[in-house]
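Residue-level structure breakdown
Each chain, letter by letter, is given below.
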Amino acid sequence: MCNTAITMPQTASTETGFDEWFVTALNGGALMLMISIGHRTGLFDKMSGMEWTNSRELADKAGLSERYVREWLGAMATGGIVEVDESDSYRLPTEHAQFLTRDTELDNLAVMAQYISVLGSVEDEITECFYNGGGVPYEKYDRFHEVMAEDSGMTVLDALEEHILPLVPGLTDKLQTGIKVLDIGCGRGRALLKMAELFPQSRFKGLDLSEEAISWARNKARKRGLENVEFEIRDASDFDQTAEPAAYDFVTTFDAIHDQAKPLAVLKGINRTLKPGGTYLMQDIHSTGHVHSNMDHPLGPALYTVSTMHCMSVSLAQDGDGLGAMWGREKANELLQKAGFEQVEIHQLEHDIQNDYYVMQK
């Protein structure tokens, strides 16, 4: 017998009984699907501007089918998300609306619910990987980049000027004067698009493997008339060999390194492409590399699930290392040191419980 104390996660506490915990988890998972639909259809946004309403009135205002809205309201009411009275009228409490609507000053948590259905869409393929190994390629994930872009809109875009860029002393002034910036694994490029608007004297480039994401970013840049930003479809697996030497003043990756097929090659390429004195800022998942040390992580189950269903799998689909989202600070520091970054600062930001922010200078 092992003498090490075993810690049970609070979510599966034996105090209330595992069967009760399971029913609660089942209802929670079901509600995530309904919350996702409420977000995508705009139902939460419509309800937040109404007092008590019924299914017909809400459906008419949202331009939706009454029968589906009625059943959705049943899930929302029994799940404690909206209130219901004896006349089957419904109300979205203000204290809930502030976390579920697009015009909230707080994070719209409904965005996160979409990951459950997106990841569930590849359950069959992931199950096959359990038997046969390998992974599921990016193109199999419908809407993943769309959801990720909404997610990063909260963790990155809203905090970019006030919290993230100031992690690098003097960077904002340099961006205003004009420098060259590269973002690897840029997805739909929302962070670069915002920086390109904020700092017209600087030049920006984004790289990503996804043709869909790059197409979206290019179209958005064109519509906004941004001529100081460009996007390229590119596999960064050989970036250590193909990166343009000493080309960029500032390089960023936002929750991207752990998805890479060859993360060390990407990090070495980043060091290679930075000018002397240049800065690399890496946002990546806040965790340790040991499950027993992540037992109190507020998003532990969710992040291990996303890792299994996406992050690890897309890397393995490219015959990659399959680091996974929960690779941890220890592994991150190890790879950064091997890539040539000797001094690494790690920051946490109050608005973002999910990520660490690594800052290093060449």
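These numbers come from a predicted model, not from an experiment.

So, the overall build of the protein chain
Counting secondary structure elements, the protein chain contains 16 helices and nine strands. What you see for the protein chain is a C-alpha radius of gyration of 22 Å, in line with the 21 Å of a compact globule of 362 residues. Dimensions of the protein chain, computed from C-alpha atoms along their principal axes, come out at roughly 70 × 65 × 35 Å. A burial count over the protein chain gives 46% of its 362 residues as buried. Sequence-distant contacts in the protein chain: of pairs separated by 6 or more residues, those separated by 24 or more amount to 69%. About 18,500 Å² of surface is accessible on the protein chain, with carbon and sulfur atoms providing 50% of the total. Taken together, the 31 basic and 56 acidic charged side chains of the protein chain have centroids lying 9 Å from each other.

So, the packing of aromatic side chains
What the rule picks out here adds up to seven aromatic pairs. With 6.3 Å between their ring centres and 45° between their planes, Phe18 and Phe22 make a pair best called tilted. Here Phe18 and its partner Phe22 are both found in helix α1 (residues 18-41), four residues apart, which amounts to about one turn of the helix. Looking at Phe22, the relative accessible area reads 47%, which means it is partly exposed. The ring of Tyr248 has Lys180 lying over it, and the distance from NZ or CZ to the ring centre is 5.0 Å.

As for a negative patch on the surface
Taken together, Glu123, Asp124, Glu125 and Glu128 make up a surface patch of like negative charges. Looking at where Glu123 falls in the secondary structure, it is placed in helix α7 (residues 123-132). For Glu123, a relative accessible area of 48% puts it in the partly exposed group.

Describing the nonpolar core
With 32 residues, the main nonpolar core has Ile164, Phe204, Val229 and Phe231 as its most contacted residues. Listing elements by their share of this core, those giving two or more residues are α9 (160-164), α10 (171-177), α11 (190-198), α12 (211-224), β5 (229-233), β6 (248-254) and β9 (355-361). It is α11 that contributes the most residues to this core, five residues altogether. When near neighbours in sequence (up to four residues on either side) are disregarded, Val229 contacts Leu192, Leu193, Ala196, Phe204 and Ala221. Counting residues in each nonpolar core, the second largest holds 24 residues, with Val266, Trp327, Leu335 and Ala339 among its members.

With respect to the pairing of strand β3 (residues 180-184)
Burial runs high along β3: four of the five residues are buried. With respect to chirality, the unit in which β3 leads through α11 into the neighbouring parallel strand β4 (residues 203-208) is right-handed.

Quick notes on the pattern of salt bridges
By the definition in use, this model includes 14 salt bridges. Measuring nitrogen to oxygen at the nearest pair gives 3.7 Å for the salt bridge that ties Asp60 to Arg56. Of this pair, Asp60 and Arg56 both sit in helix α3 (residues 55-62), four residues apart, roughly one helical turn. Owing to a relative accessible area of 45%, Arg56 belongs among the partly exposed residues under this scheme. Two residues, Lys338 and Glu334, come together in a salt bridge whose shortest N-O distance is 3.1 Å. Of this pair, Lys338 and Glu334 both sit in helix α16 (residues 328-338), four residues apart, which is roughly one turn of that helix. Take Glu334: its relative accessible area is 33%, and that puts it in the partly exposed class. It is possible to trace a salt-bridge network through shared partners that takes in Lys331, Glu334 and Lys338.

What to know about the confidence of the model for the protein chain
Close inspection of predicted coordinates is inappropriate in any region flagged by low pLDDT. Mean pLDDT for the protein chain: 93, with 96% of residues reaching 70 or above. Confidence over residues 1-10 falls short of pLDDT 50; this stretch has four contacts with residues more than four positions distant or in other chains.

Focus on the side chain of Thr253
Within the secondary structure, Thr253 sits in strand β6. Owing to a relative accessible area of 0%, Thr253 belongs among the buried residues under this scheme. Polar contacts involving the side chain of Thr253 include one to the side chain of Tyr280, which spans 2.7 Å. Discounting chain neighbours no more than four positions away, the residues touching Thr253 are Asp183, Ile184, Ile270, Tyr280, Leu281, Met282 and Gln283.

Calculation notes
- Residues numbered from 1 in each chain as written.
- Predicted model: local features only at pLDDT ≥ 70, side-chain atom pairs only at ≥ 80, totals over all residues.
- Heavy atoms only, no water.
- Helix = DSSP H or I, 4+ residues; strand = E, 2+ residues; numbered from the N terminus.
- Rg over C-alpha atoms; globule rule 2.2 N^0.38 Å.
- Buried < 20%, exposed > 50% of the residue type's maximum accessible area, 1.4 Å probe, protein only.
- Contact = heavy atoms within 4.5 Å.
- Areas by Shrake-Rupley, 256 points an atom, 1.4 Å probe, with all protein chains shown as cover.
- Lys, Arg positive; Asp, Glu negative; His and termini not counted.
- Charge placed at Lys NZ, Arg CZ, Asp CG, Glu CD.
- Phe/Tyr/Trp six-rings, centres within 6.5 Å; stacked < 30°, edge-to-face > 60°.
- Lys NZ or Arg CZ within 6 Å of the ring centre and 35° of its normal.
- Patch = residues over 30% accessible without salt bridge, like charges linked within 9 Å, V, L, I, M, F, W, Y side chains within 5 Å.
- Salt bridge = Lys/Arg side-chain N within 4 Å of Asp/Glu carboxyl O.
- Core = buried A, V, L, I, M, F, W, Y, C linked by side-chain atoms within 4.5 Å.
- Right-handed = clockwise from strand over helix to strand, strands pointing away.
- pLDDT = per-residue confidence, 0-100.
- Polar contact = N/O pair within 3.5 Å; in protein donor to acceptor, adjacent residues only side chain to side chain.

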